Every structure is written in structure tokens, then in C-alpha cells.
There are 2 protein chains.
Amino acid sequence: MAIPRAARTQRRTRIQEEKEEVILEAALDVFSVNGFRGSTIDQIAEVAGMSKPNLLYYFRTKEAMHRALIDRVLFTWLEPLRAFDANGDPESEIRSYIRRKLEMARDFPRESRLFANEMLQGAPHVEDELRGPLKSLVDEKAEVIRAWAKTGKIAKCDPYHLIFSIWSTTQHYADFDVQVRAVLGDEHSGEGRFEDAARYLEQLFVDGLGIRQS
Amino acid sequence: MAIPRAARTQRRTRIQEEKEEVILEAALDVFSVNGFRGSTIDQIAEVAGMSKPNLLYYFRTKEAMHRALIDRVLFTWLEPLRAFDANGDPESEIRSYIRRKLEMARDFPRESRLFANEMLQGAPHVEDELRGPLKSLVDEKAEVIRAWAKTGKIAKCDPYHLIFSIWSTTQHYADFDVQVRAVLGDEHSGEGRFEDAARYLEQLFVDGLGIRQS
DNA sequence: TGTAATGTTTACCAATCGGTCAAATTATCT
DNA sequence: AGATAATTTGACCGATTGGTAAACATTACA
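Bear in mind that the values here come from a model prediction, so they are computed numbers and not experimental data.

**Observations concerning the interface of chain A and chain B**
The partner chain B presents 58 residues to the 59 residues of chain A that form the contact. Between chain A and chain B lies a buried interface of about 5000 Å² when both sides are counted; carbon and sulfur atoms form 65% of it. At the junction of chain A and chain B, the tally comes to 2 salt bridges. Notably, a salt bridge pairs Asp186(B) with Arg131(A), separated by 3.5 Å at the nearest N-O pair. Linking chain A to chain B there are 12 residue pairs in polar contact (both at pLDDT 80 or more).

Here it is in C-alpha cells:
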């Protein structure tokens, strides 16, 4: 008899590993565009190339799929902020943070949109993670920035709003991609726009924070 | 016999004005949170306090409602950019543009989220408006900024990405409101956060663009 | 005030929704 | 190879979806 996924306590099968991967990949496609409510299991099943009951064999509910997806994305999404080094020098740390976030917007736009969708809906599935782990991480890095400001390495500014502004400006290129393309026109919508954005944003933040030495 | 809304060519009734207003208000509530696909006519009807067929008497389809809503929002949403004055001086123009956009994020967060939802889904209903009127307006203002840069009034920078960065940083406070509140904690989540944001963003952009005179 | 146009509601429809079930198929291991 | 566990599927369920038809109620205007 088949053992439903949730009851598994033993090791996972090869097939389970593979299929769950395929499913989450498809789910990311669908959820990131339509949000949780706007997505259907049938859509995901079709993208995943399997029948709906088969999909539900691996994830017993739509919620479970979304949950698994959010958990995975949330972790990798915070990777750049975790890499933010308190011992590095302000200019290069901020530059590379911007660059890393922009690379993620370029390479993982679906993950960015999934997250954005969740935020727009009021974070019904992840508010605890926001108030817990996310807040802790941001608090820690904000303290680093505050110290930089105190010792005059960068201009005095609110570290939280600084972080918000880096998040928003970089993620914008993933979440509002259609708008960016529409405004820039077809000729400037190639991948080069990420290089232009990086150049502009690094200038904005480095000069805006008064840490240009050259 | 009842004349369906779409067939009306004559003047609108008093009741029509009122009810359409109520409906669009309710639709804004629902669409801005759940997106187009994730919203249901029943939800909107309940919020509007009327029966579903009654609602469908004024807007014959869900699409028609969404359309009417988007059209209205799109216009007012671009008001701050239209007010951007080519003859003003760079610092005060940028400062007041930021301030106006932040005020809109504070006072009309639903409108911002409705727009964000549409972007996340790839702008299936408004791509023409983006490529047409929006692009034209942005092109025009970008030219102003480029001229400022050329005459040395502000630092050399890509005017399009400058506009993108002002859009994203300000709208962030509406679209990612939950996240902002979660990270700032309950004690700093009052309306004062908009003042903090304004102070920070004005500093960032004014200094970042090298136009601080004091 | 009568009447025609406008507005509202109840009952309903086919399609789609998330999810179940039992039977059939396939992989795994001895 | 044979037994057993894991995987897959078609048929189906009740609830919800967007939308309609027609009867009913209300308003505006002569």
C-alpha cells in the first residue's frame, strides 16, 4: 500500500527526490505569477507534466506545496544579507551586497516574485518568519551599519531604511520586469540592463552614503 | 427592460454613479490583495454589500471591473511624475517627487498593490499602456534629468534607472508594508516610519546625485 | 398618478476548484 | 522470479467559480 508523503519518516526514495524537485519547480512557475489563491493544482500539475492525483501524492495539499516552496526560497533569498560582512570595509561590502542582490533578481526572478506575491497578500503564510529569523538577521546587520555611521565611515543614516532601499531597488528589476522592459524599450531590454542598473545603484548608494574615497 | 451597462451611451444615473463608486472601492480592496485570478466576484460583492448579479449589472464581467479600476488608478498613479517640473531646480524637484510618491504609498497603499500585482503577473491587462503613455511620460522626464546631468546640475547618471529607483524605494512602503512593519517591530511601525523614510530617502538621493549645496 | 426605464433579487447553469479513492502499474529487494 | 512496497491514474465528489434568465421592485418623468 502506498505511504502518503506526510507519514514518511524513513529515507526518501530516488523517485521522491526527483519528482518533488519537478513539482516544486512547476509550483514556482505558477505561484510566482498568480499568487497562492490565483494558482490551481491543475495548472501546476500540467506544468510538472503529471496527473493531479500524482502530484497530490507527493504534497497532500496546495498549502503544503506552497509551504515547502516558501521555506526553500526564504532561506536562499537571505543568503546575500547573511554574507554581509561586519569586518569588511563599508564601500566594498555595500557594493557587493547590491551586486549580489541584483544577480539574484536577474537569475532568480521567480523566487523574487513568489516572495513579492506573499508580501502583497499580507504574508499570511510567513509572517512568523518575518518577525523571527528575518528581523533578527536584519537587526544584526543594522547594528553593523549603525557602527559604521557612528565611527564616521559612512554618513549618518537610518540603517533599516538603508536595507529597505537596497532590497527594493534591486528586487524591482525582477518584480517589475515588464514595466522596466516596457519603459526602456526593446532595444535596451537585453541583459545589459542589469549592468546599467548595477553601475547606477552602486553610484547612488556609495555617493549617497558619503563613502566615495576616489 | 434593464439596459446593461456596456450598452449605455446616454448620461449616467445618480444611482449608477454611486453604485459604481462603491463597487470599485470594494474591488480595489479585493484585487489589491489577491490579484486578478485570486479574487472572486462573490468576495467583491460581499465587500460592496450587494448581490453578485446586482454587481454584474454594473460591470458585466470580472475583467470589466478590473479594467475600470486599473484605468482609474493608472491615471492618478502617474500624477506625481507629471508634476515633475522641468523648470524647477533639481534638488527641490527630486525632493518633492520623493515626498509625493511616499505620500501616495502612505495614503493609497491599495492602489500601489493593485499595480504591483498587475506587474507581477506580467501586466496582461496593461502592457499597452506601459509601452505607450507611460513610456512617453518617462521618456520626457528622463530627458529633463539628462539635461540636468549634462549641465552639471546633478551628477551623471542613467535617468531611467534613477526614476526606477525612486519608484521602487517609495512604493516599497506600500507593497511590502507587512515586511517593513515586521522588521521595524511594533514600536517603530507607526505612521512615523514614513517621516523616517522620507528623511532617509531624500538624503540618499540628494547626496547620491551630488546635488547637496549646504 | 401612471408608466416606462432602471435597478435588484432568487434561482439556476456549466465549468472549474481542491481533494479522495480504489484499481492498475511500476520499481525494489530477496 | 516472486513478493512487496512505491508510484500513477481515471473516475469521481461536494464546493466554488464566473455568469445568466427572468421575475420582481423601485425610480424618474410626463
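Moving on from the coordinates now.
**What about helix α10 (residues 177-184) of chain A?**
With 7 of its 8 residues buried, α10(A) lies for the most part within the structure. Among all positions in α10(A), only Asp177(A), Val178(A), Gln179(A), Val180(A), Ala182(A), Val183(A) and Leu184(A) are buried. Looking at the buried residues of α10(A), the elements they touch are α7 (109-120), α9 (159-175) and α11 (192-208) of chain A together with α7 (109-120), α8 (127-150) and α9 (159-175) of chain B. The positive-phi residue at the C-terminal boundary of α10(A) is Gly185(A), with phi of around 80°.

**Side note on the environment of Glu17(B)**
Checked against the element boundaries, Glu17(B) lands in helix α1 (residues 14-38). Between the C-alpha atom of Glu17(B) and that of Tyr58(B), which follows or precedes it by 41 residues, the distance is 10.0 Å.

**Focus: unusual backbone geometry**
Non-glycine residue Ala123(A) carries a positive phi angle of around 55°. If you trace the backbone, Ala123(A) turns up in the loop between α7 and α8 (127-150).

**A look at the domain arrangement of chain A**
All names here are of chain A. Each assigned domain of chain A is listed here: domain 1 (13-69) and domain 2 (78-208). For domain 1 and domain 2, the distance between their C-alpha centres works out to 29 Å. Opposite the 13 residues of domain 1 that make contact, domain 2 presents 9 residues. Summing both partners gives a buried area of about 950 Å² for domain 1 against domain 2, and 50% of it is carried by carbon and sulfur. Considering only the surface of domain 1 that becomes buried against domain 2, Leu28, Ser32 and Arg67 emerge as the three largest contributors, covering 47% of it. Across the domain 1-domain 2 interface, the total number found is 3 salt bridges.

The rules behind each value
- Once a new chain begins, its residue numbering starts again from 1 and follows that chain's sequence as written.
- Each chain takes a letter, starting from A, and each ligand takes a number, starting from 1, following the order in which they are written.
- In keeping with the model being predicted, local features are shown solely for residues with a pLDDT of at least 70 and side-chain atom pairs are shown and tallied solely at 80 or more, while totals for entire chains, interfaces and linings include all residues.
- Computation of side-chain values: all heavy atoms of the structure, hydrogens and water removed.
- What makes two residues a contact is simply this: any of their non-hydrogen atoms within 4.5 Å.
- Put simply, buried area is the surface a 1.4 Å probe can reach on two separate parts but cannot reach once they are joined, added for both.
- Should a side-chain nitrogen of Lys or Arg be within 4 Å of a carboxyl oxygen of Asp or Glu, the pair is scored as a salt bridge.
- Polar contacts, as counted here, are pairs of nitrogen or oxygen atoms within 3.5 Å of one another; within protein the pair requires one atom able to donate a hydrogen and one able to accept it, and residues that are adjacent in sequence qualify only if both atoms are side-chain atoms.
- When accessible area is computed with a 1.4 Å probe and restricted to protein chains, residues below 20% of their type maximum are described as buried, those above 50% as exposed, and intermediate ones as partly exposed.
- Secondary structure elements follow DSSP: runs of H or I no shorter than four residues count as helices, runs of E no shorter than two count as strands, and numbering proceeds from the N terminus.
- Where each domain begins and ends follows an automated or database-derived domain assignment.

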